[in-house]
Amino acid sequence: MNVQVVTDSASSLTPEMAQAAGVTIVDLHTSEDGPEQTTAGLGALELTAAYARLLERGGDSGVVAIHISKELSATWSNANTAAGIFDGLVEVLDTDSVAMCNGFAAMKAAEVAQAGGSLEEVARAAKDLIAESSMYLYLHRLDSMRKGGRLSPGQTLLSTALAIKPILRLADGKIALAAKTRTQRKAMEKLVEIVLDVVATEARRAAAANEEPRQVRVAVQQVDAEDVAENLIASMEKRVAELHVSPQGSEPGGEASDADAALGHFAGLKSVVTRIPGDKSANPLGASDKPVKEKSLGRRAAGNKLAGSKLAGSKLSGEKLAGEKSVDAKTTDAPVTDETSEDIAGAATVALPEVEFMILAASDVLAAHSGPGAIAVSTVLW
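Keep in mind that what you see is a predicted model, and the values were worked out from it rather than measured. Numbering of residues starts from 1 in each chain and follows the order in which that chain's sequence is written. pLDDT decides what is reported in this predicted model: residues at 70 or higher carry local features, side-chain atom pairs at 80 or more are listed and counted, and totals for whole chains, interfaces and linings draw on all residues regardless. Working from all heavy atoms in the structure, the side-chain values ignore hydrogens and water.

> Residue-level account of the nonpolar core, with values.
Remark: nonpolar core denotes a set of buried residues (Ala, Val, Leu, Ile, Met, Phe, Trp, Tyr, Cys) joined through side-chain atoms within 4.5 Å. Exposure classes here rest on a 1.4 Å probe applied to the protein chains alone. A residue is buried below 20% of its type maximum, exposed above 50%, and partly exposed in between. Residues Tyr51, Val90, Val98 and Met135 are the most contacted members of the largest nonpolar core, which totals 35 residues. Working definition: helices are DSSP H or I runs of at least four residues, strands are E runs of at least two. Numbering for both runs from the N terminus. Taken together, the elements giving at least two residues each to this core come down to α2 (44-57), β5 (63-66), α3 (75-83), β6 (90-93), β7 (134-138), β8 (165-171) and α11 (364-370). For this core, the element with the highest residue contribution is α2, accounting for five residues. Residues are treated as being in contact if the distance between any of their heavy atoms lies within 4.5 Å. Excluding anything up to four places from it in sequence, Val90 contacts Tyr51, Leu55, Val63 and Ala83. Of all hydrophobic cores here, the second largest spans 32 residues; its members include Val218, Ala229, Leu243 and Leu352.

Here it is in structure tokens:
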């Protein structure tokens, strides 16, 4: 019998993803659909019942519970109350996180559990992944966040008066302002820069440690904004494909020279895109009413590799990929960190991380508090 892993529906995992990974989902409470939709955390009694079932299923091997940040819901507090009944067999993680950061953590924990990991090892795997995760949220409108008490009326009024399109982030489990942009386009460019920074930082770390970089997983969760999410992924892919390391100090996102390609600066880089259907009838976690359409992946088919300066036959040096608009780094707002524009020190050949992108509909919880048009980007190192 193995350790069992449980998360709540705020993780954005779909039932299909959870079943494949061996993760149990308990649904947070949401009201009926509509502009006044509200959410509520899980109670101690229902969590006690859920943990008891999981312990029975796993032969008392233990349960690792990965719940929404205690700063955002009473679920964590109630989970600890419930866990106290089971004499150390249930470990409730203090995640300070939400959305697919927790979803990925649950998947990683389940992977270790199915390999025979102990309760401590399974919990550690989830904690380590969360510690290096990030979640950024673009709000198209502020109404839902204000109604949910996440933004004060003063903050909402100021942002509305200045026509600001904010990008929020989680800091110590609380929602904080990460960047101010004036247009949706600028906001999407900022999100691209955030992902570039994650990829470049991991490449820099691995090069310094003389080891292979870890895979970067990026989940884009959308609330009635499928087209925006698709375009965002396309821009991320393009910029990641152009990311290279040069002794001459080329910047992440810059075009690769023939010499760079010859030196193998794209060694090991791979991009995979997964689209998760958002049919609410099959997804009790709360996909949006507008399901994600299955489209031909084309150049983003699963398993496409970025080799040299070409992606599936399309040149990336000085040319636009078909159907995409180029992203001019000079027009973006200031990078989230200074490291984004720095060269990665080290040998002439640097292995860049494999990058996996995923698009899925946001959960009911995320949708209720962020509103239509919202885009959340979660990144983890796998």
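On we go from here.
> Report on the packing of helix α4 (residues 100-114) against helix α5 (residues 119-131), specifying residues and quantitative values.
For helices, the axis comes from a line fit to the C-alpha atoms of the stretch in contact; other axes are also lines fit to C-alpha atoms, and the angle between any two N-to-C directions lies between 0 and 180 degrees. Taken N-terminus to C-terminus, the directions of α4 and α5 make an angle of 150 degrees; their axes are 8 Å apart at the nearest point. The orientation of α4 with respect to α5, classified from their angle, is roughly antiparallel. For the pair α4 and α5, the sense of crossing is right-handed. Residues Cys101, Asn102, Phe104, Ala105, Lys108, Ala109, Val112 and Ala113 of α4 pack against Glu121, Val122, Ala125, Ala126, Leu129 and Ile130 of α5. Taken together, the residues that form the contact of α4 with α5 break down as eleven nonpolar, one polar and two charged. Note on terminology: angles under 35 degrees are roughly parallel, angles over 145 are roughly antiparallel, angles of 65 to 115 are roughly perpendicular, and the others are oblique. Each crossing gets its handedness from the near helix: less than a right angle anticlockwise from the far helix is left-handed, clockwise is right-handed. Residues are grouped as follows: Ala, Val, Leu, Ile, Met, Phe, Trp, Tyr, Cys and Pro are nonpolar; Asp, Glu, Lys and Arg are charged; all remaining types, including Gly, are polar.

> A description of the pattern of salt bridges should follow, citing residues and the corresponding values.
The term salt bridge refers to a side-chain nitrogen of Lys or Arg lying within 4 Å of a carboxyl oxygen of Asp or Glu. All chains considered together, the criterion is met by twelve salt bridges. Between Asp128 and Arg124 there is a salt bridge, with its nearest N and O atoms 3.3 Å apart. With Asp128 and Arg124 both in helix α5 and four residues apart, the pair spans about one turn of that helix. For Asp128, a relative accessible area of 39% puts it in the partly exposed group. With its nearest N and O atoms 2.7 Å apart, the salt bridge here joins Arg214 to Glu132. Of the two residues, Arg214 sits in the loop between α8 (184-209) and β10 (216-222) while Glu132 sits in the loop between α5 and β7, which places them 82 residues apart along the sequence. You can call Arg214 partly exposed: its relative accessible area is 24%.

> Pulling in residues and values, what's your account of the pairing of β5?
The alternating pattern of β5 places Val63 and Ala65 on one face and Val64 and Ile66 on the opposite face, and all of these are buried. Following DSSP output, two strands are said to pair if at least two bridges run between them. Two elements, strand β1 (residues 4-8) and β5, share four bridges in a ladder whose sense is parallel. Note on β5: the bridge partner recorded for Val5 is Val64. Bridge analysis of β5 against β6 gives four bridges, and the strand direction is parallel. Within β6, the residue paired with Ile66 across the bridge is Leu93. By convention, a crossover is right-handed whenever its connection, traced from the first strand over the helix to the second and viewed with the strands pointing away, goes clockwise. For the crossover that starts at β5, traverses α3 and ends in the parallel β6, the hand is right-handed.

> With reference to specific residues and values, describe the pairing of β1.
Judged by how many residues are buried, β1 sits mostly within the fold: five of five residues are covered. Where β1 lies against strand β2 (residues 23-26), four bridges are found, and the strand directions are parallel. Bridged to Asp8 within β2 is Val26. Once the chain exits β1 it traverses helix α1 (residues 15-21) before rejoining the sheet at β2, and the crossover so formed is right-handed.

> I'd like a description of unusual backbone geometry, backed by residues and values.
Located in the positive-phi region is Ser12, a residue other than glycine, with phi close to 75 degrees. Following the sequence through the fold, Ser12 ends up in the loop between β1 and α1. Looking at Ser12, the relative accessible area reads 2%, which means it is buried. Unlike most non-glycine residues, Ala99 shows phi in positive territory, near 60 degrees. Positionally, Ala99 belongs in the loop between β6 and α4. Owing to a relative accessible area of 1%, Ala99 belongs among the buried residues under this scheme.

> So what's going on with the packing of α8 against helix α9 (residues 226-242)? Residues and values would help.
Angle between the axes and distance between the axes: these two values describe a pair of packed helices. Where α8 meets α9, the axes come as close as 10 Å, and the angle between the chain directions of the two elements is 45 degrees. If you check the angle between α8 and α9, you find them oblique. At the point where α8 passes α9, the crossing takes the right-handed sense. Where α8 approaches α9, its residues Gln184, Met188, Leu191, Val192, Glu193, Val195, Leu196 and Val199 are matched on the opposing element by Val228, Leu232, Ser235, Met236, Arg239 and Val240. In terms of residue class, the contact of α8 with α9 is built from ten nonpolar, two polar and two charged.

> For α4, give the residues involved together with the corresponding values.
The end-to-end C-alpha distance of α4 is 20 Å, a good match for the 21 Å that 15 residues give at a rise of 1.5 Å each. Turning to α4, its buried residues number three or more, namely Met100, Cys101, Asn102, Gly103, Phe104, Ala105, Ala106, Met107, Lys108, Ala109, Ala110 and Ala113. Just past α4, the residue Gly116 takes up positive phi, approximately 95 degrees. An expected span of 1.5 Å times one less than the residue number is assigned to each helix.

> Please set out the packing of aromatic side chains residue by residue, giving values where relevant.
Only the six-membered ring of Trp is used, alongside the rings of Phe and Tyr, when aromatic pairs are assigned; centres must lie within 6.5 Å, and planes under 30 degrees apart are stacked while those over 60 apart are edge-to-face, with the rest tilted. Scanning the entire structure with this criterion turns up one aromatic pair. Any Lys NZ or Arg CZ found within 6 Å of a ring centre and within 35 degrees of that ring's normal is scored as a charge over the ring. The ring of Trp76 has Lys70 sitting right over it, with the charged end atom 5.5 Å from the ring centre. Seen from the ring of Trp382, Arg217 lies directly overhead, with NZ or CZ sitting 3.8 Å from the centre.

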